[in-house]
Amino acid sequence: MDQISVHTIARVLTEALPYIQRFSRKTLVIKYGGNAMVDEELKRGFARDIVLLKQVGMNPVVVHGGGPQIGKMLDQLGKESRFIDGLRVTDRETMDVVQMVLGGLVNKEIVSLINQFGGRAVGLTGKDGGLIRARRLSHRRAKADPEASEIIDLGHVGEVASIDPAVVHMLDSGDFIPVIAPVGVGEDGVAYNINADLVAGKMASVLAAEKLILLTNTPGVLDDAGSLLTGLTAREVDELIASGVIHGGMIPKIQCALDAVKSGVKSAHIIDGRVAHAVMLELLTDKGVGTLIRG
């Protein structure tokens, strides 16, 4: 090993030490999705990162999505995917596929990878231990005339009504890593598919997490010139939304992060999941790789 690489490793470890000390025994809720979930090397890197965070004393809680995998399975079954305003229309048959893919194929693959690298992951859905109580999402579709907006029935698409974190606390105390699929259950026992960002945000709030980390397919929040914005306060984010700098598909993610920090989460991070070891780089280096939003 040459001197340059030795010194680089020493510098990286020294830079990481204060962050490891600061976040020891803290809960980190990480929403895992996008390219990081489909690229084989990124998947392995993410699993290693989660194991290392647990090994140095942090409590990572993983909430994952799986939209592309659901779409692929529906295609294989000859069932058309329908979306309204970016939300999947989920009838009973589609919900069966959602549960099979999210709670089965995707969840167990993540658990297996984490365990392969020395972790002790346990897969859950919101049904387990009464973790996520859901209610049917009432989606209002806007029209040109605001008074003519209509309520759209999306089927088994839900939102979080409440979270009972008892099972997560039990796993954390036993040195396990919870891996959660965003499927909730209503009071009537009906299962609902819930947006993974929303579940991660609510989970971070209920667990009084130190950080909420959202992996995306973008570098983070960008200004009009394409430069990365970070170190934002909740007030600055509100101003950026009002001015139109934050717009389109970024608004739901930023709103999720904003709700989390306004409800007590110390900070939220929107980071680029296409970057290898993005979670580690954001948490354990001075520069980071995404947008940090402070409470």
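Right, let's walk through the structure included here. What you see is a predicted model; the values in this text were computed from it and never measured.

Definitions and cut-offs
- Residues numbered from 1 in each chain as written.
- Predicted model: local features only at pLDDT ≥ 70, side-chain atom pairs only at ≥ 80, totals over all residues.
- Heavy atoms only, no water.
- Buried < 20%, exposed > 50% of the residue type's maximum accessible area, 1.4 Å probe, protein only.
- Helix = DSSP H or I, 4+ residues; strand = E, 2+ residues; numbered from the N terminus.
- Pairing = 2+ DSSP bridges.
- 1 Å grid on protein atoms, 1.4 Å probe; cavity = no way out; pocket = protein on both sides within 12 Å on 5 of 7 lines; lining within 4 Å.
- Points joined across faces, edges and corners; volume = space filled by probe spheres on them.
- Nonpolar A, V, L, I, M, F, W, Y, C, P; charged D, E, K, R; others polar.
- Contact = heavy atoms within 4.5 Å.
- Axes fitted to C-alpha atoms, helices over the stretch in contact; angles between N-to-C directions.

With that settled, the discussion passes to the pairing of strand E12 (residues 191-194). On E12, burial covers both faces: Ala191 and Asn193 on one face and Tyr192 and Ile194 on the other are all buried. Summarising the sheet, strand E9 (residues 157-163) and E12 pair through two bridges and their orientation is parallel. Each residue of the ladder has a partner; that of Gly158, found in E12, is Ile194. Note: strand E11 (residues 183-185) against E12, three bridges, orientation antiparallel. Counterpart to Gly184 in the pairing with E12 is Tyr192.

On to the layout of surface pockets, then. Rolling a probe over the atoms, with the probe sized like a water molecule, indicates the empty space that remains. Of the volumes computed, that of the largest pocket is approximately 1500 Å³. Every residue lining the largest pocket is counted, 48 residues in all, and those nearest its centre are Gly86, Leu87, Asn195, Ala196 and Asp197. Broken down by secondary-structure element, the contributors of at least two residues to the lining of the largest pocket are helix H3 (67-76), strand E4 (87-88), E9, E12, helix H6 (196-206), strand E13 (211-216) and helix H8 (250-262). Counting residues per element, the lining of the largest pocket draws most heavily on H8, at seven residues. Classifying every residue of the lining of the largest pocket gives 19 nonpolar, 20 polar and nine charged. Estimated volume of the second largest pocket: approximately 290 Å³. Residue lining of the second largest pocket: 18 residues in total, with Glu282, Thr285, Asp286, Lys287 and Leu292 positioned closest to the centre. For the lining of the second largest pocket, the secondary-structure elements that each account for two or more residues are helix H1 (3-23), helix H9 (278-284) and strand E18 (290-294). Its residues assigned to classes, the lining of the second largest pocket shows six nonpolar, six polar and six charged.

Once that is clear, we can look at the sheet that holds strand E16 (residues 232-233). In space, the eight strands of this open sheet follow the order E5-E10-E2-E1-E13-E17-E18-E16, with mixed pairing throughout. Strands with a single pairing partner mark the edges of an open sheet, and in this sheet they are strand E5 (121-125) and E16. When strand E1 (residues 27-32) meets strand E2 (residues 59-64), the two strands line up parallel, connected through six bridges. Residue pairing in the sheet places Tyr32 in a bridge with His64 of E2. The sheet contacts of H6 involve E1, E2, strand E10 (177-181) and E13, and relative to E1 the element is tilted by about 175 degrees.

Relative to the assigned elements, Ala260 resides in helix H8. Residue Ala260 is classed as buried on the basis of its relative accessible area, which comes to 1%. Taking C-alpha positions, Ala260 is 24 Å from Asp85, a pair spaced 175 residues apart along the chain. Discounting chain neighbours no more than four positions away, the residues touching Ala260 are Gly201, Ser205, Leu212 and Val265.

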